[in-house]
Amino acid sequence: MHLDNLAFMECKYDVSEEISSSVRRYKNKKIKSTNRKKGPRFVILILFFLIIAGIAAYSLLNTSNNDKAAVGASAPNIPITLTNGTTVQLSKFYGHAVLLWFVTTWCSGCEESAQILSTQYYSQLTRSGVIILTVESYNNLGYPGPSISQFAQYYAGGVRPNWLFGTTTQQATYIYNPQADLDIFYVINSAGQIVYRGTGLGAEVQQVFSYLS
Amino acid sequence: MNLMSAIPRIMSDVLKYEYYAFGKMFVNARYLSLFLVISFSSSALYMILLPSLPFGRIVISAVRFITPLQLFFSLIFGILLGLAVTLNVYSVRFSTHNVRSLTIASVLSSMVNGLCCTPAIPFILSLGGASTPLLYSISPRIQAFFEFNYPYFYAASILMLTLSIHYLSCNIACCIRR
């Protein structure tokens, strides 16, 4: 390693030069800006913001039209393959309040949420008659991670009464997780109606209680 | 030149401005207390913030999930940020060139882990008009990148802060000598 390689660490600011050159730059800039016509740039900026706003409005409207799992609507029925190998329908749980939670097992937020739920809220939720369904988004959203059984074992203390873990189909994941969120959950009341949708369960678990009451 | 024998000379050459600037600055008790307050509070804030970032908001109960790397980074970052901010404040006294942009960039790069698990990336992509299949093909890859590579951003953040402290020390040392 040659000492010249460390040249970038040397002091590069000569204060007097810096000040005089910045004053010069400022003066030149001011002269240029007064000479330049402001009109075209302003129009281009407005057009740019209009295009962005248009795309945003289109995509938001488009999403809401395709969103079948909307708050206020009945929860679409989907198949869930549980860790014991049996496949059940979501409709089987209608009659109970359900916390339907879509996770990706490689996401640190999901791991933390599972631990928060397990240690702080599990007893309270199940005492309120809530069934927790933790479902791995289809194929872990295309990125490898632990299986849902391992996730349950590591972060939730295993499969426990009224807390089930499973996987589902691509179609079901598209319905409940249309934007490929890593951690999205739904609160479904005993009538099978979606009453709340949120992301980051660990941070929003208090909301679940308020919506169930 | 042998690298091992050159290290002490390089260190004294490179750090001479830091020694000078810190010596001048910390003689004044006000700057020393400012440094201590900023270092302590920013370290504490980072210890809460870093494990909360995957939620996209402050979650106090997430503090217990802090990893050893995050703890180490919080302490180092707090000390360096304290130095950078105090040097910036000190440099105002001499109207020297300050390096705020580097400090701000380092704070931002330390927070990229928040992009992994929050809906920020899918939301930005959907604003761009991406459909569900397109979102499924792009968004998880970007999020996984931030999920697994955040230590590199921590390193970049520390490097930027170190450079900003070096440049600030140079400016202060040069200015006072004049």
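Note that the coordinates shown come from a computational prediction; the quantities given were computed from them, not determined experimentally.

Draft legend 1. Representation of the overall build of chain B within the structure. What chain B contains, in helices and strands, is eight helices and zero strands. Sequence-ordered secondary structure for chain B, helices as α and strands as β, is α-α-α-α-α-α-α-α. Since a compact globule built from 178 residues should have a radius of gyration of about 16 Å, the 20 Å found for chain B marks it as more spread out than a globular shape. For chain B, the C-alpha atoms occupy an extent of roughly 65 × 40 × 30 Å along the three principal directions. A burial count over chain B gives 46% of its 178 residues as buried. Within chain B, residue pairs in contact and separated by at least 24 positions form 78% of the contacts whose partners lie at least 6 positions apart. Split by element, the accessible area of chain B, about 8600 Å² in all, is 74% carbon and sulfur.

Draft legend 2. Geometry of the overall build of chain A. Check the secondary structure of chain A and you find six helices and seven strands. Put simply, chain A runs from its N terminus to its C terminus through helices and strands in the order α-α-β-β-β-α-β-α-β-α-β-β-α. Summed over all atoms, the accessible surface of chain A reaches about 11500 Å², with 57% contributed by carbon and sulfur.

Draft legend 3. Structural context of the packing of aromatic side chains. Under the criterion given, the structure shown has 24 aromatic pairs over all chains. Between the aromatic rings of Phe145 of chain B and Phe153 of chain B, the centroid separation amounts to 6.2 Å while the plane-to-plane angle is 90°, which identifies the pairing as edge-to-face. Ring geometry for Tyr150 of chain B against Tyr154 of chain B: centres 5.2 Å apart, planes inclined by 70°, an arrangement best described as edge-to-face. Highlighted residues: Tyr150 of chain B and Tyr154 of chain B, both in helix 8 (residues 150–177), separated by four residues, approximately one helical turn. The class of Tyr150 of chain B is buried, set by a relative accessible area of 15%. According to the relative accessible area criterion, Tyr154 of chain B is buried, its value standing at 3%. An aromatic cluster of three or more residues is present, and its members are Tyr46, Phe73, Phe77, Tyr150 and Tyr154 of chain B. In this arrangement the basic side chain of Arg160 of chain A is found over the ring face of Tyr122 of chain A, its NZ or CZ atom lying 4.1 Å from the centre. The ring of Tyr31 of chain B carries Arg30 of chain B above its face, with NZ or CZ at 6.0 Å from the centroid.

Draft legend 4. Just the confidence of the model for chain A, in detail. Here chain A averages 80 in pLDDT, while 73% of its residues score no lower than 70. In the model, residues 1–8 of chain A has pLDDT below 50 throughout and makes eight contacts with residues more than four positions away in sequence or in other chains.

Draft legend 5. Just the nonpolar core, in detail. Grouped together as the largest cluster of nonpolar side chains are 42 residues, with contacts concentrated most on Leu99, Trp101, Leu117, Leu125, Trp163, Phe185 and Leu201 of chain A. No other element matches helix 3 (residues 108–127) of chain A, which puts seven residues into this core. Grouped together as the second largest cluster of nonpolar side chains are 22 residues, Ala21, Leu53, Leu83 and Tyr154 of chain B included.

Draft legend 6. Spotlight on the sheet that holds strand 7 (residues 194–199) of chain A. All names here are of chain A. Taking strand neighbours across the sheet as the criterion, the seven strands line up as 2-1-5-4-3-6-7 in an open arrangement whose pairing is mixed. Pairing within the sheet leaves two strands with one partner each, and these edge strands are strand 2 (87–89) and strand 7. The average angle at which neighbouring strand axes cross in this sheet is 30°, direction not considered. With three bridges connecting them, strand 1 (residues 79–82) and strand 2 associate as antiparallel partners. Bridged to Pro79 within strand 2 is Gln89. The strands touched by helix 3 are strand 3 (97–103), strand 4 (130–136), strand 5 (163–168) and strand 6 (183–188); relative to strand 3, the strand with the most contacts, the crossing angle is about 170°.

Draft legend 7. Layout of helix 6 (residues 201–212) of chain A. Of all the positions in helix 6 of chain A, only Leu201, Gly202, Glu204, Val205, Val208 and Phe209 of chain A are classed as buried. The inward-facing, buried residues of helix 6 of chain A abut strand 3, helix 3, strand 6 and strand 7 of chain A.

Draft legend 8. A nonpolar patch on the surface, seen in detail. Side chains of Phe42, Val43, Ile46, Leu47 and Leu50 of chain A sit close together on the surface and give an oily, nonpolar patch of about 500 Å² of accessible area. A relative accessible area of 55% places Phe42 of chain A in the exposed class.

Draft legend 9. Up close: the pattern of salt bridges. Here the structure, examined in full by the defined rule, presents one salt bridge over all chains. A salt bridge links Arg57 of chain B to Glu204 of chain A; the shortest N-O distance between them is 3.3 Å. Here Arg57 of chain B, found in the loop between helix 2 (29–52) and helix 3 (68–93), pairs with Glu204 of chain A, found in helix 6, and the two come from separate chains. Judged by relative accessible area, which is 33%, Arg57 of chain B ranks as partly exposed.

Calculation rules
Residues numbered from 1 in each chain as written. Chains lettered and ligands numbered in written order. Predicted model: local features only at pLDDT ≥ 70, side-chain atom pairs only at ≥ 80, totals over all residues. Heavy atoms only, no water. Helix = DSSP H or I, 4+ residues; strand = E, 2+ residues; numbered from the N terminus. Rg over C-alpha atoms; globule rule 2.2 N^0.38 Å. Buried < 20%, exposed > 50% of the residue type's maximum accessible area, 1.4 Å probe, protein only. Contact = heavy atoms within 4.5 Å. Areas by Shrake-Rupley, 256 points an atom, 1.4 Å probe, with all protein chains shown as cover. Phe/Tyr/Trp six-rings, centres within 6.5 Å; stacked < 30°, edge-to-face > 60°. Lys NZ or Arg CZ within 6 Å of the ring centre and 35° of its normal. pLDDT = per-residue confidence, 0-100. Core = buried A, V, L, I, M, F, W, Y, C linked by side-chain atoms within 4.5 Å. Pairing = 2+ DSSP bridges. Axes fitted to C-alpha atoms, helices over the stretch in contact; angles between N-to-C directions. Patch = residues over 30% accessible without salt bridge, like charges linked within 9 Å, V, L, I, M, F, W, Y side chains within 5 Å. Salt bridge = Lys/Arg side-chain N within 4 Å of Asp/Glu carboxyl O.

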